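# Observations on the model geometry
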Amino acid sequence: MGSMRNPVGPLPSSIYWRRRAILGAVLVLVALLVVWLVNLTGGGGGGKKDGAQGSGSSSGPAPSITPGPSGSGPAISQQPGGRDESGGADKDDDGTAAPGDEPSDGDAGSGSGKDGSGKDGSGDGSDGADGSNEAGGDSGSGTSGKGAGAGSSAAQRVPAGSSLPDCTTDIAELSLRSAHNTYEPGKKPRLELSVKNNSAAACKVNLGAARTVVTITLTGEDAPYWSSKDCPATESLWLRVPAKETIRYAIDWNRKASRAACAKPPSGSAKPGTYLVEAKAPGLEKARTSFRLDKD
């Protein structure tokens, strides 16, 4: 025991104590390393065992999942296609608006002021819906003021420089009809223009009053009683016609005459009789129809 407290040797005792301290530290580190290795191997085995138990439990029935409460309303609020077709003009099977009775004053689709664009403020941009515009002479009442403009339908308006090809006779058809065959005194004749695109790609057509010219001529007369180009409210109106679809818009004539260059026409309204209507659009064949104005 004395040699342990008082080292015996040729070197100073402090050197022996340092050697003992170093040896003790090494032994402590070795012991800690052994403990760490034991814990590591023991934990891994436990993990494997737990994993084995987990894989064994997977062969049992899967836990059920109770669905949460369903929503109180439909997931999509709009109708298919994004259109609200609860109001407005009736639809034909081909999706175009069917001509109906003449609109009362203030109907949606009529233009306003000199502009004569006749845009339907409630339109959603879909093709095939009706637009309408009042058409008349200098003293004509209604929304177009002087002259007649083609009312813009809900079809999409495109710039003149659009890359869309023009609608021509080889792919499109222009048609014209009167909403009624006969009109009682005071009733405004409604003329409905439509362009049908028979091709597989969209095209554009210029339905501006100065480009698509509509004339109304009393039977037996040579000169038109009214012409859309005499005092057009809209010089140019390019519209997109989707593939395999038809766009329509209407012109409501106020029975007034027109004169070239917006000159003042004679007073009064069109007299009773049968009137021939003709429409000419650039690149398309002419379209014709007729109607009769009854006597008082």
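This write-up is about the structure you can find in this document. Counting starts from 1 at the beginning of each chain's written sequence and moves along it residue by residue. With pLDDT at 70 or above as the cut-off, local features in this predicted model cover only qualifying residues; side-chain atom pairs require 80 or more to be listed or tallied, and sums for whole chains, interfaces and linings still use all residues. Where side-chain values are given, they derive from all heavy atoms of the structure, hydrogens and water being excluded.

### Some words on the overall build of the chain
When helices and strands are tallied, the chain shows 2 helices and 11 strands. Strands here are runs of E lasting at least two residues and helices are runs of H or I lasting at least four, both read from the DSSP assignment and numbered beginning at the N terminus. Going from N to C terminus, the chain has its helices and strands arranged as α-α-β-β-β-β-β-β-β-β-β-β-β. Relative accessibility under 20% of the residue-type maximum defines a buried residue, over 50% an exposed one, and the middle range a partly exposed one, all with a 1.4 Å probe and only protein chains included. Here the chain, with 296 residues, has 36% of them falling under the buried criterion. Considering only contacts in the chain between residues 6 or more positions apart, those separated by 24 or more positions represent 70%. Within the structure as shown, the chain displays about 17,200 Å² of accessible surface, and the carbon and sulfur contribution to it stands at 54%. Throughout, a residue-residue contact means that at least one pair of heavy atoms, one from each residue, lies within 4.5 Å. A 1.4 Å probe and the Shrake-Rupley method give the accessible areas. Residues count as covered only by the protein chains that appear here.

### Quick look at the side chain of Lys 204
Secondary-structure assignment places Lys 204 in strand 5 (residues 203-206). When residues no more than four places from it in sequence are discounted, the contact partners of Lys 204 are Val 158, Ala 160, Ser 162, Leu 164, Pro 165, Asp 166, Cys 167, Trp 238, Leu 239 and Arg 240.

### Section: the pattern of salt bridges
Whenever Lys or Arg places a side-chain nitrogen within 4 Å of a carboxyl oxygen from Asp or Glu, that contact is recorded as a salt bridge. Here the structure, examined in full by the defined rule, presents 5 salt bridges. Across the pair Asp 166 and Lys 204 runs a salt bridge whose closest N-O atoms are separated by 3.0 Å. Separated by 38 residues along the polypeptide, Asp 166 in the loop between strand 1 (132-135) and strand 2 (172-178) and Lys 204 in strand 5 bring together distant segments of the chain. The class for Asp 166 is partly exposed, based on a relative accessible area of 40%.

### Observations concerning the environment of Thr 219
Note that Thr 219 resides in the loop between strand 6 (213-218) and strand 7 (226-227). Among all residues touching Thr 219, those that are not within four sequence positions of it are Thr 274, Tyr 275 and Leu 276. Definition of a polar contact: a pair of N or O atoms within 3.5 Å, with one able to donate and the other able to accept a hydrogen when the atoms are protein atoms, and with sequence-neighbouring residues admitted only if both atoms are side-chain atoms. Of note is the side chain of Thr 219, whose polar atom sits 2.7 Å from the backbone oxygen of Thr 274.

### Some words on the sheet that holds strand 7
Strands pair, by our definition, only if DSSP identifies at least two bridges between them. The 5 strands are arranged 3-11-10-6-7 in an open sheet whose pairing can be described as mixed. Each having just a single partner strand, strand 3 (182-183) and strand 7 make up the two edges of the open sheet. The pairing of strand 6 with strand 7 spans 2 bridges and is classified as antiparallel. Looking across to strand 7, one finds that Ile 216 is bridged to Trp 226.

### Here we look at the state of the cysteines
Any pair of cysteine sulfurs within 2.5 Å is marked as a disulfide. Evaluation of the coordinates by the stated rule reveals 2 disulfides. The partner cysteine of Cys 167 in its disulfide is Cys 203, sulfur to sulfur 2.0 Å. What sets the handedness of the Cys 167 and Cys 203 disulfide is the S-S torsion sign, and at about 95° it is right-handed. Taken together, the positions of Cys 167 in the loop between strand 1 and strand 2 and Cys 203 in strand 5 put the pair 36 residues apart, joining distant regions of the chain.

### A word on the packing of aromatic side chains
When the centres of two rings from Phe, Tyr and Trp lie within 6.5 Å, Trp using its six-membered ring, the rings pair. Their planes under 30 degrees apart give stacked, over 60 give edge-to-face, and anything left gives tilted. Within the structure shown, the criterion is met by 6 aromatic pairs. Look at Tyr 275 and Phe 291: their rings are 5.8 Å apart centre to centre, the planes differ by 15°, and that puts the pair in the stacked class. Of the two residues, Tyr 275 is situated in strand 10 (residues 273-280) and Phe 291 in strand 11 (residues 287-293); the sequence distance between them amounts to 16 residues. For Tyr 275, a relative accessible area of 1% puts it in the buried group. In this structure, Lys 204 is placed above the aromatic ring of Trp 238, and the distance from its NZ or CZ to the ring centre is 5.2 Å. Distance and angle both matter: a charge sits over a ring if NZ of Lys or CZ of Arg is within 6 Å of the ring centre and within 35 degrees of the ring normal.

### Here we look at a nonpolar patch on the surface
Patch membership needs two things, relative accessible area over 30% and no salt bridge, and members are linked within 9 Å if like-charged or within 5 Å if nonpolar (Val, Leu, Ile, Met, Phe, Trp, Tyr). Nonpolar side chains collect at one region of the surface, where Ile 22, Val 26, Val 30, Val 34 and Val 38 lie side by side and expose about 440 Å² of accessible area between them. Judged by relative accessible area, Ile 22 falls into the exposed class, the value being 58%.

### Looking at the side chain of Asn 206
Counting through the fold element by element, Asn 206 comes out in strand 5. Taking the relative accessible area as the measure of exposure, Asn 206 reaches 5% and is therefore buried. Only 3.2 Å separates the side chain of Asn 206 from the side chain of Ser 236, close enough to count as a polar contact. Once residues within four sequence positions are removed from consideration, Asn 206 is found in contact with Arg 211, Thr 212, Ser 236, Leu 237, Trp 238 and Pro 282.

### Quick word on the nonpolar core
Counting 34 residues, the largest nonpolar core has Val 195 and Phe 291 as the members making the most contacts within it. Every element with two or more residues in this core is listed here: strand 2, strand 4 (190-197), strand 5, strand 6, strand 8 (238-241), strand 9 (246-253), strand 10 and strand 11. Sequence-distant contacts of Val 195, that is, excluding residues within four places in its chain, are made with Ala 172, Glu 173, Leu 174, Val 205, Leu 207, Val 241, Glu 245, Thr 246, Ile 247 and Leu 284. To define a nonpolar core, start from buried Ala, Val, Leu, Ile, Met, Phe, Trp, Tyr and Cys residues and group those joined through side-chain atoms within 4.5 Å.

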